[in-house]
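# Remarks on the overall topology
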Amino acid sequence: MNLIHRRLCSSEKWARGVENDLLPWALEGVRLGPRTLEIGPGYGATTRVLLGRTDELTAVEADAGYAARLRREFGGRVDVVHADGSALPLTDGRFDSVTCFTMLHHVPSPGVQDRLFAEAFRVLRPGGFFTGCDALSSWAFRLVHLGDTCVPVPPETLPARLRAAGFDDCDVSIGKGSFRFLAHKAA
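Residues numbered from 1 in each chain as written. Predicted model: local features only at pLDDT ≥ 70, side-chain atom pairs only at ≥ 80, totals over all residues. Heavy atoms only, no water.

## With respect to the side chain of Glu 61
- For Glu 61, the location among the structural elements is in strand E2 (residues 56-61).
- Although buried, Glu 61 forms no salt bridge, and the nearest oppositely charged side chain, Arg 69, lies 9.6 Å from it.
- Here Glu 61 is in contact with Gly 40, Pro 41, Gly 42, Tyr 66, Ala 67, Leu 70, Val 81, His 82 and Ala 83, once residues within four sequence places are set aside. (Helix = DSSP H or I, 4+ residues; strand = E, 2+ residues; numbered from the N terminus. Buried < 20%, exposed > 50% of the residue type's maximum accessible area, 1.4 Å probe, protein only. Lys, Arg positive; Asp, Glu negative; His and termini not counted. Salt bridge = Lys/Arg side-chain N within 4 Å of Asp/Glu carboxyl O. Contact = heavy atoms within 4.5 Å.)

In structure tokens:
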């Protein structure tokens, strides 16, 4: 991430927005279940909120520095794994839910995003679900990401991509500058 993006995502203002607005909207009506995987927590603003919504939280972070920071902050309350979300070193069917919030656009290509979707499907138990949100592409969004990896997911393509990964019952909805999604793995 570039300097502007790092400062924004590590700010108290961002953390408050995640806690008060973004995650309540993204998770409206969603019960995570006892075992949750979060892919791409970055600085951990979403992780702090998820801790109160699940019994057992695992966070997979691709950046070694962020993973170390998450381990220091959360200690034994979160199992932090330094790994790529498109190649998870986790067992099949382990989680009730898999989440990712405002990170899909940092995945370097649609093909790698699709591998992440397939990995989310693989580690879910039958009857589990994959949920999250990401920003809609705009000039301001692109500006904040100058020099960053920025591959926005067109929300209209997401249901078909999630079905190709094995999910059923895919729902995508648009909010102010963002979209959220929920996809189920058949029981």
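Moving on from the coordinates now.
## Description of unusual backbone geometry
- The residue Thr 102 is not glycine, and still its phi comes out positive at about 50°.
- A relative accessible area of 22% means that Thr 102 is categorised as partly exposed.
- Not every positive phi belongs to a glycine, and Asp 169 is a case in point at roughly 45°.
- By the element assignment, Asp 169 lies in strand E6 (residues 168-174).

## Focus: a nonpolar patch on the surface
- Together, Trp 139, Leu 143 and Leu 146 make up a nonpolar patch on the protein surface, roughly 410 Å² of accessible area in all.
- Mapped onto the secondary structure, Trp 139 falls in helix H6 (residues 139-144).
- The exposed category is assigned to Trp 139, whose relative accessible area is 70%. (Patch = residues over 30% accessible without salt bridge, like charges linked within 9 Å, V, L, I, M, F, W, Y side chains within 5 Å. Areas by Shrake-Rupley, 256 points an atom, 1.4 Å probe, with all protein chains shown as cover.)

## Observations regarding the pattern of salt bridges
- According to the stated counting rule, one finds 8 salt bridges in the structure shown.
- With a closest N to O distance of 3.9 Å, Arg 94 and Asp 79 form a salt bridge. With Arg 94 in the loop between strand E3 (78-82) and strand E4 (95-101) and Asp 79 in strand E3, this residue pair connects regions lying 15 residues apart in the sequence.
- Residue classification places Arg 94 among the partly exposed residues on the basis of a relative accessible area of 22%.
- A salt bridge links Arg 125 to Asp 96; its shortest N-O distance comes to 2.5 Å.

On their own, these measurements won't tell you what the molecule is for.
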